[in-house]
Amino acid sequence: MNNKSSIIKQQLINKRILITGCTGFLGKVLLEKIIREIPDVASITLLIRGNDKYPTAEERFKHEIAPASIFDALRERDPVALNKIFEDKIQCVTGEITEHNFGLDQHQWDELSQQVDMIVNSAASVNFREALDQALAINTLSIYNLINFSEAAGNVPIVHVSTCYVNGFNEGEMGEAIVGPAGKSIAQHSDGYYDVESLITEFQLAIEETKKANKDKSKLTEELIELGAQTANQYGWNDTYTFTKWMAEQLLFHRLTGKTLTVLRPSIIESTYIEPVGGWIEGVKVADAMIMAYARQKVSFFPGRKDSLMDIIPADFVSNGILYSMAKSFKDPGASRIYQCCSGGSNPITVQQLIDYVVEEGTTNYAKYDRLFYAKPTKPFNIMNKSLFQAIIGVVAFQVSSLHKVKKLIGLKTSTKAVDDIETVKVLSKIYAFYGDMNVVYSNKKMLALTEEFGEADKALFPLNASLIDWKHYIRDVHFAGLQKYALEDRKVIQMRRQKLKENINSVAKAS
């Protein structure tokens, strides 16, 4: 299929693209797709924060991105060509999105701003229980630095990856539009966005007060986590992550009025469906909490509602949504747009259907997934009302904690493992129960209309319509295999690590 028939390829050829968040799961999927389908981009600049192990962007790219298994198909096809693209097309810049000028000196900032035609921001903290100060810095306040960079580069377009869950506790059909809080009211501007800048100031004051009142660092972190959760709930969001992502959207709509902005909201991003290989994933995602709970036989019940939609979208569909958004930005500049990349509106899967597929695959083929299943599952896996589940967990937690205290009091050997496990389940149920008990359908009519506008060539090259997904095949054949192959470590590796840790602890104990 030639470039002339693909609008996406036409629009992105010879463009200079800056991407944030490329060390993450979605960022790697996007990078691989660009290299594979649009190798004629002029350049790809990756803004990467250094860490203790790899202080520079180049080192992190070399050790954490380039070796990723998502590039295996390209490596096998033509390793020389892949390395040439890595060397010729990819520029790595060591910078911090949360810092002024990305932490660059003025010369570096000015030079970088002259080398970019488009910004794709996929950087975020997706920790649902992030401390409020950290979540604000990464997910919200960093937007100011992106906007400043866009302006310095000549008002280049921004594609910002958000989440469908910025809709918070709102119910019903939620479309591709600015959404307001379902809780405590927030002033709305006549242009549609909400005034969050005064709120941010309030939150920063609350953060400072919390820090002054808590000198113990371990307690301070927990206090800031709870402050974030309580604040999010008060205004109508389930967690700090979704609330801070919603605030980021408001800043963008406010500061980029009349400029080229696209906010792309994916739902729950899971393993790839087709490209470059089915099932590619890094780590364990939201819906996988349910799968892992069943596979490890930790619990027999999961909080949720049988008929609630579990809005899942494969990562390759989301990366294609980003590419559509980028092309549209160049094709028709000067507008703000919102697209939702999701499945609930066109090909819904319920919590019960998901569990049925998980149980069917688990009971039939558990031996194929030794990293996921430690034995054949024998417990049932049922959906329980969220409130009832949390009430029962609360009672069990009290009983386990009381037994632990009694044993300790009378001098019997005891362990905190059971207490810790129950507390973990309580925390996880608070976070994940929301995603399994929702009265909302996310609509992606504008996103699908864009695919119609671009035509059949791009539909074939960059599929994103969830109606293409066979859920039974995806969950049982694709996703399970992906978890086994890519997300979970070999049990022998885990056991070796535990043994080494045990030996280290024993040697330290003997030395002391």
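Up top is the structure these notes are about.
Quick notes on the rules
Residues numbered from 1 in each chain as written. Predicted model: local features only at pLDDT ≥ 70, side-chain atom pairs only at ≥ 80, totals over all residues. Heavy atoms only, no water. Helix = DSSP H or I, 4+ residues; strand = E, 2+ residues; numbered from the N terminus. Contact = heavy atoms within 4.5 Å. Expected span 1.5 Å × (residues − 1). Buried < 20%, exposed > 50% of the residue type's maximum accessible area, 1.4 Å probe, protein only. Pairing = 2+ DSSP bridges. Axes fitted to C-alpha atoms, helices over the stretch in contact; angles between N-to-C directions. Bend = angle between axes of the 7 residues up to and from the residue. Polar contact = N/O pair within 3.5 Å; in protein donor to acceptor, adjacent residues only side chain to side chain. Disulfide = S-S within 2.5 Å.

Participant: Would you take a moment to explain the environment of Gly-344 for this structure?
Facilitator: For Gly-344, the position within the fold is in the loop between strand S11 (336-341) and helix H13 (351-365). Considered as a pair, Gly-344 and Met-310 are 34 residues apart in the sequence and their alpha carbons are 7.6 Å apart. The residues touching Gly-344, leaving out its near neighbours within four places in the chain, are Leu-309, Asp-311, Val-441 and Tyr-442.

Participant: Honestly, helix H10 (residues 240-255) in this entry has me stumped. Any pointers?
Facilitator: With 16 residues, H10 should cover 22 Å at 1.5 Å per step; its first-to-last C-alpha distance of 23 Å lies within 8% of that length. With respect to burial, H10 is a largely interior element, 14 of its 16 residues being buried.

Participant: It is not clear to me how the sheet that holds strand S1 (residues 16-20) should be interpreted in this structure. Could you clarify?
Facilitator: Across a sheet, paired strands are connected by hydrogen bonds in the backbone, their directions being either parallel or antiparallel. Sheet architecture is open: 7 strands sit in the order S3-S2-S1-S4-S5-S7-S11, paired in parallel fashion. Of all strands in the sheet, those bounded by a partner on one side alone are strand S3 (90-94) and S11. Averaged over all pairs of adjacent strands, the angle between strand axes in this sheet comes to 20°, irrespective of strand direction. Pairing analysis gives 5 bridges linking strand S2 (residues 43-48) to S3, with the strands arranged parallel. If you follow Ile-48 over to S3, its bridge partner there is Thr-94. Sheet strands in contact with helix H7 (residues 132-152) are S1, strand S4 (118-121) and strand S5 (158-161), and its direction is about 170° off that of S4. Along the sheet, helix H16 (residues 445-454) contacts strand S7 (261-266) and S11; its crossing angle with S11, the most-contacted strand, is approximately 100°.

Participant: In this structure, what is going on with helix H18 (residues 471-487)? I would like to understand it.
Facilitator: Since there are 3.6 residues in each turn of an α-helix, residues three or four apart along the chain are aligned in direction. With 17 residues, H18 extends only 20 Å from end C-alpha to end C-alpha; this falls clearly short of the ideal 24 Å at 1.5 Å per step. Bending of H18 peaks at approximately 30° at the position of His-479. Across the 17 residues of H18, 12 count as buried, placing the element largely inside the fold. The set of residues buried in H18 consists of Trp-471, Tyr-474, Ile-475, Arg-476, Val-478, His-479, Phe-480, Gly-482, Leu-483, Gln-484, Tyr-486 and Ala-487. Residues of H18 that are buried in the fold lie against strand S8 (268-270), helix H11 (288-295), strand S10 (312-314) and H13. One side-chain oxygen of the residue at the start of H18 lies 3.2 Å from the amide nitrogen of Lys-472, identifying that residue as Asp-470.

Participant: What should I look at first to understand the pairing of S7 in this one?
Facilitator: Here is the key point about a regular strand: its side chains alternate between the two faces of the sheet. Within S7, 6 of the 6 residues are buried, which leaves it mostly tucked inside the rest of the structure. Here S7 shows a buried face lined by Leu-261, Val-263 and Arg-265 and a second buried face lined by Thr-262, Leu-264 and Pro-266. Two elements, S5 and S7, share 4 bridges in a ladder whose sense is parallel. Each bridged residue has a counterpart across the sheet, and for His-160 the counterpart in S7 is Val-263. The pairing of S7 with S11 spans 6 bridges and is parallel. Within S11, the position partnered with Leu-261 by the bridge is Ser-336.

Participant: For this particular structure, what's the right way to read the state of the cysteines?
Facilitator: Disulfides are covalent bonds that connect the sulfur atoms of two cysteines. The tally for this structure, following the rule as stated, stands at 0 disulfides. You can see Cys-341 has no disulfide; the closest cysteine sulfur is in Cys-342, sitting 7.0 Å from it. Taking the relative accessible area as the measure of exposure, Cys-341 reaches 1% and is therefore buried. Cys-164 supplies the cysteine sulfur nearest to Cys-342, a cysteine that is in no disulfide, at a spacing of 4.4 Å. Assessed through its relative accessible area of 1%, Cys-342 is described here as buried.

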